[in-house]
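For reference, the chains in residue letters:
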Amino acid sequence: MSEFDLIEQLFQGHHRDAQLGVGDDAALLSITADTTLAISTDTLVDGVHFPSDMSARAIGHRILAVNLSDMAAMGAKPRWFTLALTMPEHDVEWARELTDGLLQLAERYEVGLIGGDTTRGPLSLTVTILGETQLALSRQGAKPGDRIWIGGNPGDAAGGLELWSQRQQRDQVVETLIRRFEFPDPQVALGQRLVGMATAAIDVSDGLIADLRHVCQSSGCGAEINLDELPLSASLLSQFSEAQARTLALGGGDDYLLLFTAPPQHRFEDCFSIGVMTDTSDIQVLDSGQPLDLEISGYEHF
Ligand code: ADP
Ligand code: MG
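Residue positions are counted from 1 within each chain, in the order its sequence is given. A letter from A marks each chain and a number from 1 marks each ligand, given out in the order of writing. Only residues with pLDDT of at least 70 get local features here, since the model is predicted, and only at 80 or more are side-chain atom pairs given and counted; chain-wide, interface and lining totals rely on the full set of residues. Excluding hydrogens and water, the side-chain values take into account all heavy atoms of the structure.

## Remarks on the packing of aromatic side chains
For any pair of aromatic rings, the description rests on two quantities: the centre-to-centre distance and the angle between the ring planes.
Piece 1. Under the pairing criterion, centres of Phe, Tyr and Trp rings, with the six-membered ring standing for Trp, must be within 6.5 Å; the plane angle then separates stacked pairs below 30 degrees from edge-to-face pairs above 60, leaving the rest tilted. Taken as a whole, this structure holds 3 aromatic pairs when the rule is applied.
Piece 2. Geometrically, the ring pair formed by Trp149 and Phe268 is edge-to-face, given 5.1 Å between the ring centres and 80° between the ring planes. Here the residue Trp149 occupies a position in strand S6 (residues 147-150), and Phe268 occupies one in the loop between strand S9 (258-262) and strand S10 (272-278), the gap between them amounting to 119 residues. Like Trp149, the residue Phe268 is buried in the burial classification.
Piece 3. Residues Phe260 and Phe268 carry aromatic rings whose centres are separated by 4.9 Å and whose planes lie at 85° to one another, so their mutual orientation is edge-to-face. Under the DSSP-based scheme used, a helix requires at least four consecutive residues in state H or I and a strand at least two consecutive residues in state E, with every element numbered from the N terminus. The cut-offs for exposure are 20% and 50% of the maximum accessible area for each residue type, with area from a 1.4 Å probe on protein chains only; residues under the lower value are buried, those over the upper are exposed, and the others partly exposed.

## Overview of the pairing of S9
Piece 1. With 5 of 5 residues buried, S9 is to be regarded as a mostly interior element.
Piece 2. Alternating residues of S9 divide into Leu258, Phe260 and Ala262 and Leu259 and Thr261, and every residue in both groups is buried.
Piece 3. Here the rule is simple: two strands pair whenever DSSP picks up at least two bridges between them. The pairing of S6 with S9 spans 4 bridges and is antiparallel. Along S9, the bridge assignment pairs Ile148 with Thr261.

## Quick word on the coordination of the magnesium ion (ligand 2)
Piece 1. Shown as donors are all N, O and S atoms within 2.8 Å of a metal ion, widened to 3.2 Å for Na, K and Ca; because water is not in the atom set, sites may appear incomplete. Here the magnesium ion (ligand 2) is held by the protein donor atoms Asp25 (OD), Asp70 (OD) and Asp203 (OD), which lie 2.0 to 2.1 Å from it.
Piece 2. The motif formed by the donor residues of the magnesium ion (ligand 2), counted along the single chain, is D-x44-D-x132-D. Here the residue Asp70 occupies a position in helix H2 (residues 56-74), and Asp203 occupies one in strand S7 (residues 200-203), the gap between them amounting to 133 residues.
Piece 3. A residue is classified by how much of its surface remains accessible, and Asp203, at 2% relative accessible area, is buried.

## A short note on the side chain of Thr133
Piece 1. Among the secondary structure elements, Thr133 is positioned in strand S5 (residues 124-133).
Piece 2. Taking the relative accessible area as the measure of exposure, Thr133 reaches 6% and is therefore buried.
Piece 3. Between N or O atoms, a polar contact is any pair within 3.5 Å; within protein, one atom must be a potential hydrogen donor and the other a potential acceptor, and residues adjacent in sequence are included only when both atoms are from side chains. Side-chain polar atoms of Thr133 contact the backbone nitrogen of Ala136, separated by 3.4 Å.

## Quick notes on a nonpolar patch on the surface
Piece 1. Residues forming no salt bridge and having over 30% relative accessible area are the ones grouped into patches, like charges within 9 Å of each other and nonpolar side chains (Val, Leu, Ile, Met, Phe, Trp, Tyr) within 5 Å. Accessible surface area values rest on a Shrake-Rupley calculation with a 1.4 Å probe, where residue burial reflects the displayed protein chains alone. We count a salt bridge whenever a side-chain nitrogen from Lys or Arg sits within 4 Å of a carboxyl oxygen from Asp or Glu. A surface patch of nonpolar side chains, about 280 Å² in accessible area, is lined by Leu10, Phe11 and Val22.
Piece 2. Considering the arrangement of structural elements, one finds Val22 in the loop between helix H1 (3-11) and strand S1 (27-32).
Piece 3. Of the residues examined, Val22 reaches a relative accessible area of 39% and is grouped as partly exposed.

## Observations concerning the sheet that holds strand S11 (residues 283-287)
Piece 1. Taken in spatial order, the 7 strands make up an open sheet running S7-S9-S6-S10-S8-S11-S12, and their pairing is mixed. Each edge of the open sheet is held by one strand with a lone partner, namely S7 and strand S12 (290-292). Taking each pair of neighbouring strands and ignoring which way they run, the sheet shows an average axis angle of 30°.
Piece 2. When checking whether two residues touch, look at their non-hydrogen atoms; a contact exists if any pair is within 4.5 Å. Angular values range over 0 to 180 degrees, each being the angle between N-to-C directions of two axes fitted as lines to C-alpha atoms, with helices fitted over their stretch in contact. Seen against the sheet, H2 touches S7 and S9 and runs at an angle of roughly 175° to S7.

## Details of the site of ligand 1
Piece 1. One heavy atom within 4 Å of a molecule or strand is enough for the residue carrying it to be called near that molecule or strand. All residues in the neighbourhood of ligand 1 are listed as Phe4, Ile7, Phe11, Val22, Gly23, Asp24, Asp25, Asp42, Asp70, Arg139 and Ser205.
Piece 2. Contact distances for ligand 1 include 2.7 Å between an oxygen atom and a backbone N or O atom of Gly23.
Piece 3. At 3.3 Å from an oxygen atom of ligand 1 is found a side-chain nitrogen or oxygen belonging to Ser205.
Piece 4. For ligand 1, whose accessible area on its own is 560 Å², the fraction buried by protein is 65%.
Piece 5. Element by element, the count of residues in the shell around ligand 1 is highest for H1, at 3 residues.
Piece 6. Residue polarity follows a fixed list, in which Ala, Val, Leu, Ile, Met, Phe, Trp, Tyr, Cys and Pro are nonpolar, Asp, Glu, Lys and Arg are charged, and the others, Gly among them, are polar. Taken together, the residues that form the shell around ligand 1 break down as 4 nonpolar, 2 polar and 5 charged.

## Points about H2
Piece 1. Relative to the 27 Å expected for 19 residues at 1.5 Å per residue, H2 spans 28 Å between its end C-alpha atoms, a close match to the ideal helical length.
Piece 2. Extensive coverage of H2 is indicated by the burial of 18 of its 19 residues. Each helix should span, by expectation, one fewer than its residue count multiplied by 1.5 Å.

## With respect to the pairing of S10
For a regular strand, side-chain orientation follows a simple rule: the groups alternate between the two sheet faces.
Piece 1. In the sheet, S6 pairs with S10 via 4 bridges, with the strands oriented antiparallel. In the sheet register, Trp149 faces S10, and the bridge partner there is Ser273.
Piece 2. Sheet topology places strand S8 (residues 222-226) next to S10; 4 bridges connect them, and they run antiparallel. Paired with Ile225 across the bridge in S10 is Gly275.

## Considering the pattern of salt bridges
Piece 1. If you walk through the whole model with that rule in mind, you get 13 salt bridges.
Piece 2. The residue Glu93 makes a salt bridge to Arg96 at a minimum N-O spacing of 3.7 Å. Highlighted residues: Glu93 and Arg96, both in helix H3 (residues 92-108), separated by 3 residues, approximately one helical turn.
Piece 3. For Glu93, a relative accessible area of 55% puts it in the exposed group.
Piece 4. The closest approach of N and O atoms between Arg246 and Asp287, which form a salt bridge, is 3.7 Å. Here Asp287 lies in strand S11 and Arg246 lies in helix H9 (residues 242-251), a separation of 41 residues in the sequence.

The analysis is restricted to geometry; functional conclusions fall outside its scope.
Written as structure tokens, this is what we have:
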């Protein structure tokens, strides 16, 4: 059973009176007539979500960034979070560096640390984040004919991870890509701007195609992606062939860019239109108009 079948079969459908439960980037709870609370949880495990030799500062940044990104995907304003930290030993210096990375990002987004848990065991971190929204975005509202947009250059973080072993070489471009993996920049402001314009949104954590598939399934549509429109960064193309860069952009996760859909009349500054939603139930990738037979699955834990 895949990770997502497991979630669908075991955990979906028990949300009682929550406005939105399992299956989106965050759950939504109506608190007052015009305030909705968005809540989401994400975990990072040593050796699974980040290399064991990644700095404590980057781990601290990353655990909050991936959670802020889920708030961005809902168009919510992040407000507070809790941190559950499990670490193998009592290393104050390491923990201080982790907290520096975490709190610097918390300061930038004005989110408050309101609780958590500290335990001994294999290194893993869990953040639960709470945000506010009025009209939220979800994965559900895409319609055939809507354009598909991406909020930046996909593939850079996955490229950075591929180049991890070269990080001591102090090559500027390699460092730029590795930083995209270590210090993702969640698109919180963009998410809030999209409310009322985007019909569906998700953040790219597992891979562009894998996350687009979640939008397709939730919205009951298919999609067509034009390879020629994929905005591959010059940094990525300087380190990888075009074919490799495309594979990283479509299949690699970790970019934490927003992927969203909107009716064709809308334009979004600094974002790139890469395809269109269709009335089929599958995803086609087109190269100069020709359908490609691609096996791109994205990241799954099981
Ligand atoms: P994201 O990548 O946006 O963090 P996930 O792929 O981790 O989302 O999870 C997909 C959906 O399944 C989310 O709505 C999440 O809340 C839900 N989910 C995942 N694991 C569990 C679980 N163990 N119990 C209940 N819901 C879960
Ligand atoms: Mg998400």
